[in-house]
Amino acid sequence: MPIVGQFGSLAGLGSLILPGGAMESIGTITVGSGGAASIEFTDIPGTYQHLQIRGICKDSGGTTLYTGTMQFNGDTGSNYSTHYLQGTGSAAQAAGYASRTGIWVPQEPAGNATYFAPFVIDILDYSSTSKNTTVRAFEGNDQNASHAYEWVELASGAWFSTSAVTSIKIIAAFTAWAQHSTFALYGLRAP
């Protein structure tokens, strides 16, 4: 069952500097007991220049790393692209995919992991109706939950629609978002 966001705030995440004006909390979702297959922010106001989602997450099942899927405005069609660049300090890899049913963010540790993975996702010019919506993300994780393959990732994606973003759904990759996974949505005002 999905969880739909309520307005609130998430203290302690600090601030990430983006071009533009003031950053304001729009809403926060913290997954409760039993987990949630997806979370969703709805009725997003169109009064900001950009959006940002900050949080920590983990899957409630599985035994290896998975990647969540982000969709906008209930669009489940093959109208997205996604890309990533990962580095471990000793190795790097990159890939890109077109015609996806969502953008692959954020990365999530498996249920057997003893930690939650942090992420920051920027949704740029989300209210524009003259261009496609683009996304960039920065995330860190541990590939096998043993600290033998830790890495950071830069990811990006696009939604091939000129509709303004009014809702954001983030779907867990394997089972469900684990209890205490937290997603905080912020709006960045134009300067």
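Residues numbered from 1 in each chain as written. Predicted model: local features only at pLDDT ≥ 70, side-chain atom pairs only at ≥ 80, totals over all residues. Heavy atoms only, no water.

Caption draft 1: View of unusual backbone geometry. Going from Val105 to Pro106, the amide bond is cis rather than trans, its omega being -5 degrees. Among the structural elements, Pro106 can be located in the loop between β8 (92-100) and β9 (107-108). Despite not being glycine, Ser99 has its phi angle at roughly 55 degrees, a positive value. Considering the arrangement of structural elements, one finds Ser99 in strand β8. One non-glycine residue, His180, lies in the positive phi region at around 85 degrees. Relative to the elements of secondary structure, His180 occurs in the loop between β13 (168-171) and β14 (182-188). Overall, the relative accessible area of 47% leaves His180 in the partly exposed class. (Helix = DSSP H or I, 4+ residues; strand = E, 2+ residues; numbered from the N terminus. Buried < 20%, exposed > 50% of the residue type's maximum accessible area, 1.4 Å probe, protein only.)

Caption draft 2: Spatial organisation of the sheet that holds strand β7 (residues 80-87). Reading across from one edge, β2-β14-β4-β10-β11-β12-β7-β8 is the order of the eight strands in this open sheet, with antiparallel pairing throughout. Strands with a single pairing partner mark the edges of an open sheet, and in this sheet they are β2 (23-30) and β8. Strand-to-strand, the axes of this sheet are offset by a mean angle of 15 degrees, without reference to chain direction. In this structure, β7 lies alongside strand β12 (residues 150-159), joined through eight bridges in antiparallel fashion. Across the sheet, the residue bridging to Tyr80 is Trp159, located in β12. (Pairing = 2+ DSSP bridges. Axes fitted to C-alpha atoms, helices over the stretch in contact; angles between N-to-C directions.)

Caption draft 3: Structural view of the pairing of β13. Of the two faces of β13, the one lined by Ile168 and Ile170 is fully buried and the one lined by Lys169 and Ile171 carries no buried residue. Here four bridges tie strand β3 (residues 38-41) to β13, and the two strands are oriented antiparallel to one another. Within β13, the position partnered with Phe41 by the bridge is Ile168. When strand β6 (residues 69-72) meets β13, the two strands line up antiparallel, connected through four bridges. Each residue of the ladder has a partner; that of Gln71, found in β13, is Lys169.

Caption draft 4: Local environment of the pattern of salt bridges. Taken as a whole and judged by the stated rule, the model has three salt bridges. Between Arg189 and Glu24 there is a salt bridge whose closest N-O contact spans 3.1 Å. Taken together, the residues Arg189 in the segment after β14 and Glu24 in strand β2 connect sequence positions 165 residues apart. For Arg189, a relative accessible area of 29% puts it in the partly exposed group. Judged by relative accessible area, which is 29%, Glu24 ranks as partly exposed. Here Arg136 ties to Asp122 by a salt bridge, and the two come within 3.0 Å at their closest N and O atoms. Of the two residues, Arg136 is situated in strand β11 (residues 133-142) and Asp122 in strand β10 (residues 117-124); the sequence distance between them amounts to 14 residues. Judged by relative accessible area, Asp122 falls into the buried class, the value being 5%. (Salt bridge = Lys/Arg side-chain N within 4 Å of Asp/Glu carboxyl O.)

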